[in-house]
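Fold and geometry: a report
Listed below, chain by chain, are the residues.
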Amino acid sequence: SSGINAEWPLRPGMMTAIKCYHRGIPFAAVHDSFWTLPCHVDEMNEVLRQQFVVMYSYDVLKDLRDSFAATNPDVEFDDLPKSGDLNLSCVLDSEYFFS
């Protein structure tokens, strides 16, 4: 990889804001707090879940390590830990993923 995934710097808030804008959902955020009108809460929560899955469905740690290695060629980095078997798509049906 030639650096961090293009969507990673957007973080979930910005990714969610963009998707909400395209769906016509009023949206505001500060850090990890998200707001919309009460009539849009369920749809906003759906967008949040979808964007979480998008953001973490690739190897974030590998991209980060590769980016550090590219800018610090004289540093030797440890191997990454083995990935587990968490199915991120489970959050799409999680009632309390975000509340």
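Quick caveat: nothing in here was measured; it's all calculated off a predicted structure.

1. Considerations on the packing of aromatic side chains
- Under the definition given, this model contains 3 aromatic pairs.
- Between Phe52 and Tyr56, the ring centres sit 5.0 Å apart and the planes meet at 50°, which makes this aromatic pair tilted. Residue Phe52 and its partner Tyr56 are located together in helix α2 (residues 41-56), separated by 4 residues, close to a single helical turn.
- According to the relative accessible area criterion, Phe52 is partly exposed, its value standing at 22%.
- Judged by its relative accessible area of 31%, Tyr56 falls in the partly exposed class.
- Clustering of aromatic rings is evident, with ring pairs tying together Phe52, Tyr56 and Phe97.

Rules behind the numbers
- Starting from 1, residues in each chain are numbered consecutively following that chain's sequence as written.
- For this predicted model, a pLDDT threshold of at least 70 governs which residues receive local features, and a threshold of 80 or more governs which side-chain atom pairs are given and counted, while totals over whole chains, interfaces and linings are taken from all residues.
- The side-chain figures draw on all heavy atoms in the structure; neither hydrogens nor water molecules are used.
- Only Phe, Tyr and Trp rings take part, Trp by its six-membered ring, and two of them pair if their centres are within 6.5 Å. Stacked means planes under 30 degrees apart, edge-to-face means over 60, and tilted covers everything else.
- Secondary structure elements are defined from DSSP: runs of H or I of at least 4 residues count as helices, runs of E of at least 2 residues count as strands, and each element is numbered from the N terminus.
- Relative accessible area decides the class of each residue, using a 1.4 Å probe on protein chains only: under 20% of the type maximum gives buried, over 50% gives exposed, and in between gives partly exposed.

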